[in-house]
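# Fold and geometry: a report
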Amino acid sequence: MYNVKELIQKAIEAKSKALPIYSNFHVGAALLSDDGKIYQGANIENSSYSLTICAERTAAFAAILDGKRKFKAIALVGDTDDYLPPCGACRQVLSDLCGKEIDVILVNGKDETKTVKLGELLPYSFGEEFLKK
Ligand code: THU
């Protein structure tokens, strides 16, 4: 298993580094690789709005650049009352890079957590298997 509280704490720490200069919506993520390393991510916005990148993807890309290919879990935090779910684009990227079996740990405004498999959040999805002949 792994330390859920530590992963959430790392996501909260990452959230403080977010740059949501237009939306003011701060998001932090912490992605755990299978060797126990944690990769932090935060949303970084851009004056050309569509170039904004979400917290989950900054974490995933940092891990990939560090040579990691296997993952256990990702924690996601925002300043929302309800559990903050990953956006559709991030579900696709996490599915491709981290796999449908990772745990997605959601946190709400009461610091309660809900853990779901990424596959539950992205059923009947596109993936690399469709690109193989
Ligand atoms: N955002 C994330 O970082 N992750 C998500 O899954 C949802 C949205 C960011 C993108 C943008 O900077 C801000 O939240 C508002 O959409």
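Here's what I pulled together on the structure shown here. (Residues numbered from 1 in each chain as written. Predicted model: local features only at pLDDT ≥ 70, side-chain atom pairs only at ≥ 80, totals over all residues. Heavy atoms only, no water.)

Of all 5 residues making up strand β4 (residues 103–107), 5 are buried, and the element is well covered by its neighbours. Residue alternation in β4 divides its side chains into two sets, Asp103, Ile105 and Val107 and Val104 and Leu106, and both sets are buried. By the bridge criterion, 4 bridges tie strand β3 (residues 71–77) to β4 in an arrangement that is parallel. The residue of β4 that forms the bridge with Leu76 is Leu106. For the crossover from β3 across helix α3 (residues 88–98) to β4, the handedness is right-handed. (Buried < 20%, exposed > 50% of the residue type's maximum accessible area, 1.4 Å probe, protein only. Helix = DSSP H or I, 4+ residues; strand = E, 2+ residues; numbered from the N terminus. Pairing = 2+ DSSP bridges. Right-handed = clockwise from strand over helix to strand, strands pointing away.)

The subject of this paragraph is the pattern of salt bridges. What the rule picks out here adds up to 7 salt bridges. A salt bridge links Asp79 to Lys15; its shortest N-O distance comes to 2.7 Å. Note that Asp79 is positioned in the loop between β3 and α3 and Lys15 in helix α1 (residues 4–15), a separation of 64 residues in sequence. Relative accessible area serves as the criterion here: at 54%, Asp79 is assigned to the exposed category. A residue is classified by how much of its surface remains accessible, and Lys15, at 15% relative accessible area, is buried. For Asp66, the salt bridge is made with Lys68, and the minimal N-O distance between the two is 3.7 Å. Of the residues examined, Asp66 reaches a relative accessible area of 37% and is grouped as partly exposed. Judged by relative accessible area, which is 14%, Lys68 ranks as buried. (Salt bridge = Lys/Arg side-chain N within 4 Å of Asp/Glu carboxyl O.)

The analysis is restricted to geometry; functional conclusions fall outside its scope.
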